[in-house]
Amino acid sequence: MNQFHRNTLVLGLIAALLMPWYRVDGNFWTFQWLTFNFFLIEESAPLISQLFNFEKYWLTLPIIPFLFYAFDYVVSVKSEKKQKGLLNRQIYYGLIGIAFTITQAFLVGDFGVNFDWLVAILPEDAYQLGVGAGTLLLVLSFLFMTASGLAYRGFMKGDVFATSCLIIIIFLVIVFVAFPVINILVRAFFSDDIGYSFLAFYNRFAIVNLWGIDCGPNSNSICGVAWSTLFLAIMTGLSTTLLGLAFALIVTRTQFVGKKFLSFFSILPMITPPFVVGMALILLLGASGSLTQWLNGVFEVELGGWIYGFWGLWLAQTLSYTPIAFLVLIGVVEGVSPSMEEASQTLGASPTKTFFTISLPLMRPGLANAFLLGFIESMADLGNALVLGGDYQVLSAQIFFAIAGASADDGKAATLAIVLLIFTLTTFFIQKKWVGKTNYTTVTGKGDGGSYGPLPKLVKLFSLGTALPWVAFTFVVYIMILLGGFVETWGIDNSFSLSHYIEAFKIEFINNSMVATGVAWDSLFTTLLLAIIAMPLTSFLGLLTSYLLSRVDFPGKAYFEFGTMLSFAIPGIVIGVSYVIAFNQAPIDLTYTGMIIVLCFVFRNMSVGVRSGIASLSQLDKGLDEASITLGATGFTTLRRIIFPLIKQAIVSSMIYSFIRSITSVSAVIFLVSADYNLSSAYIIGLVESNRFGVAIAYATALIVIMSVSILLMKFLIGNRKVFLRAQK
């Protein structure tokens, strides 16, 4: 038998005989559970000990298929014919093993059996904890059995490595994306009074507070939170797309001297925690804001509290998400072939008509994607909603209060999350329908000797007239962010002070030791640690997925790709709620652990690695893979020694992006933090809620500096890509 099957058997034996079957309290990697008598401690005991010493008879289920596999392996060692039989049967051992392991996990929960008919079979005091290392390793061995069996039958051209990777990723996506989302759908239909019923969902769904009709920027409480959220998201999508297009046109189609300055602003808001923009707007336009006081003193204009509500939210979200639209559209604008514009003008069309009938329609996919991203980000935005929402209700804030409020109601939160998901997916399908199946390709393998003509005067004036005032306003907002941490009390005592930075990052010498006593250190270290742990995992999983999607053909590839992108299409607030609901009890109990935050980071951001990897791999000839395999290399060796070194830029880029998004994430992790694992984003929101704006601004500024250094490090590691083109003869 080959090494793969021996390793699979050894992995299963280690899982059943040596590893804790349940999750141990504290840090698993400290190995404090590994004592002389860990077999006799229920928490740390392996599967075999749980079965015999603690009489957990339901654990016989995962043992049965593994024992059959082990017996089949032993009797097949010296018989080539029996070995082929094992290769053919192992797919059944693997699938049955996975099914039995999942079944036993849901039979018994934290507080007893989950089904009434089990009372007569299992002990009255039956219970079990969340899965541990032993469970994970045994499931992994079953996945390897399934993959090996599929490969033996010719799946993915018999490549065991590629098949194993595919099976494992599918399993992970099901567990950490599909399973939590399904839990939201199920929980919305449950009520303590009537159990599972459509009526329970209807009673939460069909309420005036959710679906009132008097909506708009000046709406009152009659406006339903669903429509107010939708209206805000549409307006944000439109404004960010319009501004992003103006920036892209200026950078690519004009000789404007400040184009590099505009490019800088395409990065700055991406490394800014989303709620920081809201705080800066309060410092500028709030009741005690600089501009508010100046207008009141010079022109006796009373602005009031207009910043708290729709207008403040719209302004903050437009500031935060315009750079995303710009990054999407700049590539689309550059992709419009100059020869098409020249052909149009040669046929007598004016520059203005050419732009609106040729260039702009070819940008439709980019415009649709930019709008979709702005729409989704607005729907999921929690930080700005908590800071600037005022009386203007949005779904993200309502979900937050349903989970974190005094009377927690996960059924209500699940219902609101479903509404949010309906809006997002509906917009996604409308966007797909609007783009349609039209061919927008303008760049082919043929040379294009044309050059871009000047923008029509009307379009140029509109772009400059829109973008430049916005840049000036953005610059002022970031000045507020910088200065806000250096004044005693903004609007009341504007004297220079370092007290906020001292309070946040104070370091003292106690007993000849340097001790970090500032209030920000604990959450900062925790955030950096978890982000650093998630960074390589996110990059590796995303790039491995992109390798399968771009280099290997297999049935159901389109569905697999959709599944891997699902976590990005779903707003972060929904992902966060789904993790709270799905992973707060057995079989997967991750409550109050750092692991649940890391997993949320990984599966929320992995799609970036997928898209980055696909883009990089599309530039590599598949002949490289074929040559390596022809020379006897395995799929893993080819990936490690040929593919990964050639896409180093994509690897580093996805790692840095994952690091940045992990630090700035709010909506997806606000429900997952705990006393032991508090994150910077959640801590800053707490500072804002307690009106400690100075400390919050100082903390946020430090985060911006840390992430700026990360981007500079990324540029240093990647360098400038040099492309050498063969001269035309």
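Residues numbered from 1 in each chain as written. Predicted model: local features only at pLDDT ≥ 70, side-chain atom pairs only at ≥ 80, totals over all residues. Heavy atoms only, no water.

**Quick word on the packing of helix 1 (residues 3-17) against helix 3 (residues 60-76)**
Moving on, step 1. Interaxial distance between helix 1 and helix 3 falls to 11 Å at its minimum, and their mutual angle equals 140°. Put simply, helix 1 runs oblique to helix 3. The crossing of helix 1 and helix 3 is left-handed. Here His5, Arg6, Thr8, Leu9, Gly12 and Leu13 of helix 1 come into contact with helix 3, specifically with Phe66, Tyr69, Ala70 and Tyr73.
Moving on, step 2. Here the residues of the contact of helix 1 with helix 3 sort into six nonpolar, three polar and one charged. (Axes fitted to C-alpha atoms, helices over the stretch in contact; angles between N-to-C directions. Helix = DSSP H or I, 4+ residues; strand = E, 2+ residues; numbered from the N terminus. Parallel < 35°, antiparallel > 145°, perpendicular 65-115°, else oblique. Left-handed = near helix turned anticlockwise from the far one by under 90°. Contact = heavy atoms within 4.5 Å. Nonpolar A, V, L, I, M, F, W, Y, C, P; charged D, E, K, R; others polar.)

**Comments concerning the pattern of salt bridges**
Moving on, step 1. Tallied over the entire structure, the rule returns seven salt bridges.
Moving on, step 2. A salt bridge links Glu42 to Lys56; the shortest N-O distance between them is 2.8 Å. Taken together, the residues Glu42 in the loop between helix 1 and helix 2 (47-52) and Lys56 in the loop between helix 2 and helix 3 connect sequence positions 14 residues apart.
Moving on, step 3. For Lys56, a relative accessible area of 3% puts it in the buried group. (Salt bridge = Lys/Arg side-chain N within 4 Å of Asp/Glu carboxyl O. Buried < 20%, exposed > 50% of the residue type's maximum accessible area, 1.4 Å probe, protein only.)

**What to know about the packing of aromatic side chains**
The geometry of two aromatic rings is summed up by the distance between their centres and the angle between their planes.
Moving on, step 1. Scanning all chains against the criterion turns up 35 aromatic pairs.
Moving on, step 2. Pairing Phe179 with Phe583 gives two aromatic rings, centres 6.0 Å apart and planes at 40°, and the pair type is tilted. Taken together, the positions of Phe179 in helix 6 (residues 160-187) and Phe583 in the loop between helix 24 (572-582) and strand 9 (584-585) put the pair 404 residues apart, joining distant regions of the chain.
Moving on, step 3. Ring geometry for Trp211 against Phe423: centres 6.3 Å apart, planes inclined by 75°, an arrangement best described as edge-to-face. Of this pair, Trp211 sits in helix 8 (residues 208-211) while Phe423 sits in helix 19 (residues 410-435), and the two are 212 residues apart along the sequence.
Moving on, step 4. Classification of Trp211 as partly exposed rests on a relative accessible area of 23%. (Phe/Tyr/Trp six-rings, centres within 6.5 Å; stacked < 30°, edge-to-face > 60°.)

**Digging into the pairing of strand 8 (residues 513-516)**
Moving on, step 1. Bridge analysis of strand 7 (residues 507-510) against strand 8 gives four bridges, and the strand direction is antiparallel. Bridge pairing in strand 8 places Ile510 opposite Ser513. (Pairing = 2+ DSSP bridges.)

**Quick look at the confidence of the model for the chain**
Moving on, step 1. With 90% of its residues at a pLDDT of at least 70, the chain reaches an overall mean of 82.
Moving on, step 2. Here helix 10 (residues 259-265) is the element of the chain with the lowest mean pLDDT, 71, and helix 5 (residues 133-152) is the one with the highest, 93.
Moving on, step 3. Overall, residues 439-447 carries pLDDT values under 50, and its contacts beyond four positions in sequence, including any with other chains, amount to twelve contacts.
Moving on, step 4. This stretch, residues 720-729, has a pLDDT under 50; its non-local contacts, to residues over four places away or in other chains, come to two contacts. (pLDDT = per-residue confidence, 0-100.)

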